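Letter by letter, the chains look like this.
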Amino acid sequence: MKNKQIYLPILITVILLLAGGTAIYFIHDNWSSKPLDVKNTLAHQVEEQPDTVNLKSIIHQSQKNVVQVEALDKWNEKIGSGFLYNNKGDIITNAHVVKDAEAIYVKTANAHTYTAALVGVGKKLDIAVIRVPQLANQAPAEMDPNFEAELGEEIIAVGSPLGFQNSVTLGIISGINRSFTIDNFEYKNVYQISAQITHGNSGGPLIDRASGKVIAINSAGTDEGNIGFSIPIQQVMDQAETWSEAAEDKELEYESVAENAQEVEPEKLQQDAKYMINYFFESLSIRDFINAYTLLGSEWQMETDYQQFREDYVYIVDTKTSEMTTSFDEESNQVTVTMQVEHEERNTNQKTAVKNYHYTFKVGYENDQVRLLSGTREEIS
C-alpha cells in the first residue's frame, strides 16, 4: 500500500511533464510557421533625396571647358566666348563672333592661347564651330539636348563680358519661345534670361543650375543690358555634329596669330598673371589639385612632384585672397605677384582654424604659354 502511495505521485508528475512538453512543442511549431507582424511606430521609410549639385563645382567645371574667342579681320577685333563640346577639340560659339574673320584664336581657362580653324558657320542660325587640335581628347562640356525649359528655372551664364574671361552671371529663365531677327540671323523659340548678356558673352554656355549641364548658347542682349537671349542646345547639336564629322584637319585653315598672341606685353601679362593665380586658388578650394598642378612651370614641377604638391594643400578647406600687387621685370619678361591669402585649414584632429599667409609668385611665358614659374609663402603671425 505504501508503494502505491509512493509511485502514484511520481506517475502523475511524469504524465504532467509529458503533457506540458507536448503542448509546448505544438505551440512553438505553430508560431514558427507564421510570419511575425510587428508594427513599429518609430520606424519610417527614408526616401532617397536627389543630389544637389554644388554651385561652386558647377562653375569650376564649366570654366574648364569655356574659352575666350578672339576673331581678327583687317578692321577690328571681336571678342566672344565658346565651349568645348566634343573630343575633337571642336568649340561651339556664335556665327556673328567669327564670321568673316581672317584669323581666330582662343584663350583657355589656364591662360593657354591657340589658333583655331573655322569648321562651319551658320547663315540664318547664329551658331558656328571652330576647331583647336590641341584641345582634342580634353573632357568636353556635358549637354542636355532633352532639356525642357520652364519659367523661373535657375541658370548660370558663363562667358567673357567686355573681355573679362570666365565671368559668371546667375539668373532665371524669364521667358520662352521668343522669336526675332538680328543682322539677318533668325532667332526662333529662344530662351529669355534675366542674366545680363553683353559684348564678350556671345557664344558662351547657358547652364542649368540643377544639373550643371549646358542647355543653350548665350547669343544676344538688349542695349539696357538687363535681359539676354539664348539659343536652345537642341537647335544646335545636329548642325554642329554635321560640320564636325565633315571637317578634315588637313583641309582646315589655321591662320596664325601667334606673334600677336605671344608677344610679351607688360600690361597683358600682369592681367593674365592675376587671372592665373585666382584660377590656381579656385582649383585648390574646389580640391581640384591636378588642375592646379598643371598651371605650374616645368622647373616648379621638377622640384615638387604632384604627390608632394597635393600634400602641401590637401588640408585647405577654403581660401580667401586679398588684392594682388604686380610688377613687371623687363629683364626677365616676368611678373612678380605678391598677395595675402587667408586659408581655413583642417588639422589632424579634424578641427579647422584660420591662418594667414604672404604669397609671392613669379609668372611668365613657358613654351609660349603663361605659367606660374615659382611660388613661395610665409605664414603671417
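Right above here is the structure, for reference.
About the criteria used
- Residues numbered from 1 in each chain as written.
- Predicted model: local features only at pLDDT ≥ 70, side-chain atom pairs only at ≥ 80, totals over all residues.
- Heavy atoms only, no water.
- Helix = DSSP H or I, 4+ residues; strand = E, 2+ residues; numbered from the N terminus.
- Buried < 20%, exposed > 50% of the residue type's maximum accessible area, 1.4 Å probe, protein only.
- Contact = heavy atoms within 4.5 Å.
- Pairing = 2+ DSSP bridges.
- Axes fitted to C-alpha atoms, helices over the stretch in contact; angles between N-to-C directions.
- 1 Å grid on protein atoms, 1.4 Å probe; cavity = no way out; pocket = protein on both sides within 12 Å on 5 of 7 lines; lining within 4 Å.
- Points joined across faces, edges and corners; volume = space filled by probe spheres on them.
- Salt bridge = Lys/Arg side-chain N within 4 Å of Asp/Glu carboxyl O.
- Parallel < 35°, antiparallel > 145°, perpendicular 65-115°, else oblique.
- Left-handed = near helix turned anticlockwise from the far one by under 90°.
- Nonpolar A, V, L, I, M, F, W, Y, C, P; charged D, E, K, R; others polar.
- Core = buried A, V, L, I, M, F, W, Y, C linked by side-chain atoms within 4.5 Å.
- Domains from an automatic or database assignment.
- Lys, Arg positive; Asp, Glu negative; His and termini not counted.
- Polar contact = N/O pair within 3.5 Å; in protein donor to acceptor, adjacent residues only side chain to side chain.

## Some thoughts on the overall build of the protein
In terms of helices and strands, the protein carries nine helices and 17 strands. Within the protein, the proportion of its 381 residues that are buried is 41%. Expressed as a percentage of contacts within the protein between residues at least 6 apart in sequence, the contacts between residues at least 24 apart total 61%.

## A few points about the sheet that holds strand E5 (residues 113–121)
Reading around the barrel, the six strands line up as E1-E2-E3-E6-E5-E4 and close back on themselves, with antiparallel pairing between neighbours. Direction aside, neighbouring strands of the sheet carry axes that sit 40° apart on average. For E5 and strand E6 (residues 128–131), the ladder comprises four bridges, and the chain directions are antiparallel. Across the sheet, residue Leu118 finds its bridge partner in E6, namely Ile130. The strands touched by helix H2 (residues 55–65) within the sheet are strand E1 (66–72) and strand E2 (77–84), with E1 carrying the most contacts at an inclination of about 35°.

## Some points on empty space enclosed by the protein
With the rule as written, the count across this model stands at three cavities of 30 Å³ or more. Put simply, the second largest cavity is a space of about 40 Å³. Residue lining of the second largest cavity: Ala71, Leu72, Asp73, Asn76, Lys78, Val97, Val98, Lys99, Asp100 and Ala101, and that is the complete set. Put simply, the parts of the chain that give the lining of the second largest cavity at least two residues each are E1 and helix H3 (95–98).

## Focus on the pattern of salt bridges
If you walk through the whole model with that rule in mind, you get seven salt bridges. A salt bridge links Arg131 to Asp90; the nearest nitrogen and oxygen atoms lie 2.6 Å apart. In this pair, Arg131 is assigned in strand E6 and Asp90 in strand E3 (residues 90–93), connecting sequence segments 41 residues apart. As a salt-bridge pair, Lys213 and Glu142 come within 3.6 Å of each other at their nearest N and O atoms. Of this pair, Lys213 sits in the loop between strand E10 (205–208) and strand E11 (214–221) while Glu142 sits in the loop between E6 and strand E7 (154–159), placing them 71 residues apart in sequence. Here the residues in one salt-bridge network are Lys107, Lys268 and Asp272, joined through shared partners.

## Thoughts on the packing of H2 against helix H6 (residues 266–285)
One can describe the packing of H2 onto H6 by two numbers: an axis separation of 11 Å at closest approach and a directional angle of 130°. The orientation of H2 with respect to H6, classified from their angle, is oblique. Where H2 crosses over H6, the handedness of that crossing is left-handed. Seen from H2, the contacting residues are Lys56, His60, Gln63 and Lys64; seen from H6, they are Tyr279, Glu282, Ser283 and Ser285. Across the contact of H2 with H6, the residue classes tally to one nonpolar, four polar and three charged.

## Considerations on the nonpolar core
One finds Phe83, Ile92 and Val106 to be the most contacted residues of the largest nonpolar core, which totals 45 residues. Composition of this core by domain shows at least three residues from each of domain 1 (55–140 + 240–246) and domain 2 (153–234). Not counting chain neighbours up to four residues away, the residues in contact with Ile92 comprise Ser81, Gly82, Phe83, Tyr85, Ala128, Val129, Gly203, Ile217, Val236, Met237 and Ala240. Core analysis: the second largest hydrophobic core is formed by 31 residues, Ala273, Phe289, Tyr357 and Phe361 among them.

## Points about the layout of surface pockets
The computed volume of the largest pocket comes to approximately 670 Å³. If you trace the largest pocket, you find 24 residues lining it, with Phe164, Gln165, Asn166, Tyr275 and Asn278 closest to the centre. The set of elements that each furnish at least two residues to the lining of the largest pocket consists of H2, E1 and H6. If you tally residues by element for the lining of the largest pocket, the top one is H6, at ten residues. Partitioned by chemical class, the residues of the lining of the largest pocket number seven nonpolar, ten polar and seven charged.

## A few points about the side chain of Asp126
Tracing the backbone shows Asp126 in the loop between E5 and E6. We note that Asp126 is buried and unpaired, the nearest opposite charge coming from Lys99 at a distance of 7.6 Å. Polar contacts involving the side chain of Asp126 include one to the main-chain amide nitrogen of Ala95, which spans 2.9 Å. The contact partners of Asp126, leaving out residues within four places of it in the chain, are Thr93, Asn94, Ala95, His96, Phe185, Tyr187, Ser219 and Ile231.

## Side note on the sheet that holds strand E12 (residues 228–232)
In space, the six strands of this closed barrel follow the order E7-E8-E9-E12-E11-E10, with antiparallel pairing throughout. The average angle at which neighbouring strand axes cross in this sheet is 50°, direction not considered. Bridge count between E11 and E12: five bridges; the pairing is antiparallel. Residue pairing for E12: Asn218 is matched across the bridge by Ser230.

## Topic: the side chain of Glu70
Within the secondary structure, Glu70 is located in strand E1. Notably, Glu70 is buried but unbridged: the nearest opposite-charge side chain belongs to Lys107, and the N-O separation is 6.3 Å. Only 2.8 Å separates the side chain of Glu70 from the side chain of Gln68, close enough to count as a polar contact. With residues near it in sequence (within four places) discarded, Glu70 still touches Glu77, Lys78, Ile79, Ala103, Ile104 and Tyr105.

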